[in-house]
Amino acid sequence: MNSTSSLLDTVALKKKLNGRKFGSKIFTFEKIDSTNNCARALAGCWAEEGTLVLAEMQTAGKGRMGRSWQANPYENLTFSLILRPTLPPEALNLLPLYAAVAVAEAIEHETGLSVECKWPNDLLIGGRKSAGILLEGSLKEEGLDYVVLGIGVNVNQTTFPEDISASATSLRVQAGKEIDRVRLLREILKTLEIHYAAINKKGFHDLIPLWLSRTRMLNREISVTQDGTVLSGIVKGLSPEGALILDAGGTEKTLFAGDVTILGS
Ligand code: BTN
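Our subject in this report is the structure included herewith.

Conventions used here
- Residues numbered from 1 in each chain as written.
- Predicted model: local features only at pLDDT ≥ 70, side-chain atom pairs only at ≥ 80, totals over all residues.
- Heavy atoms only, no water.
- Salt bridge = Lys/Arg side-chain N within 4 Å of Asp/Glu carboxyl O.
- Helix = DSSP H or I, 4+ residues; strand = E, 2+ residues; numbered from the N terminus.
- Near = heavy atom within 4 Å.
- Polar contact = N/O pair within 3.5 Å; in protein donor to acceptor, adjacent residues only side chain to side chain.
- Areas by Shrake-Rupley, 256 points an atom, 1.4 Å probe, with all protein chains shown as cover.
- Nonpolar A, V, L, I, M, F, W, Y, C, P; charged D, E, K, R; others polar.
- Buried < 20%, exposed > 50% of the residue type's maximum accessible area, 1.4 Å probe, protein only.
- Pairing = 2+ DSSP bridges.
- Right-handed = clockwise from strand over helix to strand, strands pointing away.
- Phe/Tyr/Trp six-rings, centres within 6.5 Å; stacked < 30°, edge-to-face > 60°.
- Arc of directions from axis to C-beta.
- Contact = heavy atoms within 4.5 Å.

1. Quick word on the pattern of salt bridges
Move 1: Per the counting criterion, the structure on display carries 16 salt bridges.
Move 2: For Glu-187, the salt bridge is made with Lys-190, and the minimal N-O distance between the two is 3.7 Å. Taken together, the positions of Glu-187 and Lys-190, both in helix H5 (residues 181-202) and 3 residues apart, correspond to about one turn of that helix.
Move 3: Overlapping salt bridges bring together Arg-40, Lys-62 and Glu-136 as one network.

Take a look at the structure:
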């Protein structure tokens, strides 16, 4: 076995985490349906904030908008983290932006690559998707009960299924070298934890400019598909709630969800 065909070394990860809250409990699976499903079940049984569910292989890995997430085992990172934010339910639209900024910073730290954010939940390198985020939340009467933050990063995979081969990439392809998954995951958990402390304390005020500084969507023409409806327009910014603000032929539109295609790129 070489390093790209062995299970992620969670003992080494634990040591590197050095007592941090995110990753303080780790559940590792060689094969599972979806780490998000498992984390949701654990969160419903009062698993602590920071609990991490990791898998090499997902038989029903979930992407946004009902799509699937496929990733070769032993080459990538597919994991879910349980959060119990002290934030109002409206924060569900902003939490993906927080996660995108934190994961982008970690990837840059470990690889030197430049990572771009694409609204709402994608990370691009060289214009291609290298990571995706799927947030699933549960509400209680007073607000958010828990949030499961599911993250898939294409780390060392070098070939992709035909349907995504033109739009997907990996850190290894972009950096031209194998990436240490344990170091990368440790860095992701660290940056997630640091930004999480800040948003719980001060809200998303400082986070939105960080996300905006990482996107090339501003002033570009895009089309957004949502529930079978397509809307085109020029990106004008983000609302304080994390919605995308579009100028659609002179009318301002505020979008909270959708699938974005950047036109003319
Ligand atoms: C997307 O880009 O559509 C979101 C992809 C999210 C994939 C991750 S992999 C770990 C976690 N478990 C899942 O079933 N999905 C997320």
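Anyway, onward from the coordinates.
2. Description of the site of the ligand
Move 1: Taken together, 20 residues form the shell around the ligand, and within it Ser-34, Gln-58, Lys-62, Arg-64 and Lys-129 come nearest.
Move 2: Here a nitrogen atom of the ligand sits 2.9 Å away from a polar atom, N or O, in the side chain of Gln-58.
Move 3: Here an oxygen atom of the ligand sits 2.7 Å away from a polar atom, N or O, in the main chain of Lys-62.
Move 4: When the free accessible area of the ligand is taken as 410 Å², the share hidden by the protein chains comes to 99%.
Move 5: Looking at the shell around the ligand, the elements that each hand over two or more residues are helix H2 (35-44), strand S3 (77-83), strand S6 (128-140) and strand S7 (143-153).
Move 6: Per-element accounting of the shell around the ligand gives the leading share, 4 residues, to S6.
Move 7: Of the residues that constitute the shell around the ligand, the class distribution is 5 nonpolar, 11 polar and 4 charged.

3. A look at the pairing of strand S2 (residues 52-58)
Move 1: Counting buried positions along S2 gives 6 out of 7 residues, so the element sits mostly inside the fold.
Move 2: Across 6 bridges, strand S1 (residues 26-32) lies against S2 in parallel orientation. Its bridge partner being in S2, Ile-26 is matched across the sheet by Leu-52.
Move 3: In this region the chain leaves S1, passes through H2 and returns to the parallel neighbour S2; the handedness of that crossover is right-handed.

4. A look at the packing of aromatic side chains
Move 1: One pass over the structure, following the stated rule, counts 2 aromatic pairs.
Move 2: A centroid spacing of 5.4 Å and a plane angle of 55° characterise the contact between Phe-22 and Tyr-196, whose relative ring orientation is tilted. Here the residue Phe-22 occupies a position in the loop between helix H1 (10-17) and S1, and Tyr-196 occupies one in helix H5, the gap between them amounting to 174 residues. Here Phe-22 matches Tyr-196 in class, with each residue buried.

5. Looking at H2
Move 1: Inspection of H2 places Thr-35, Asn-36, Cys-38, Ala-39 and Ala-43 among the buried residues, and these make up the whole buried set. Buried residues of H2, viewed axially, fall in a sector of 160°; they line one side.
Move 2: For H2, the elements touching its buried residues are S1, S2, S3, S6 and S7.
Move 3: Of the residues that open H2, the one with a side-chain oxygen 3.1 Å from the backbone nitrogen of Asn-36 is Ser-34.
Move 4: Looking one or two residues past H2, Trp-46 carries a phi angle of roughly 70°, positive in sign.

Distances and angles like these do not, on their own, reveal function.
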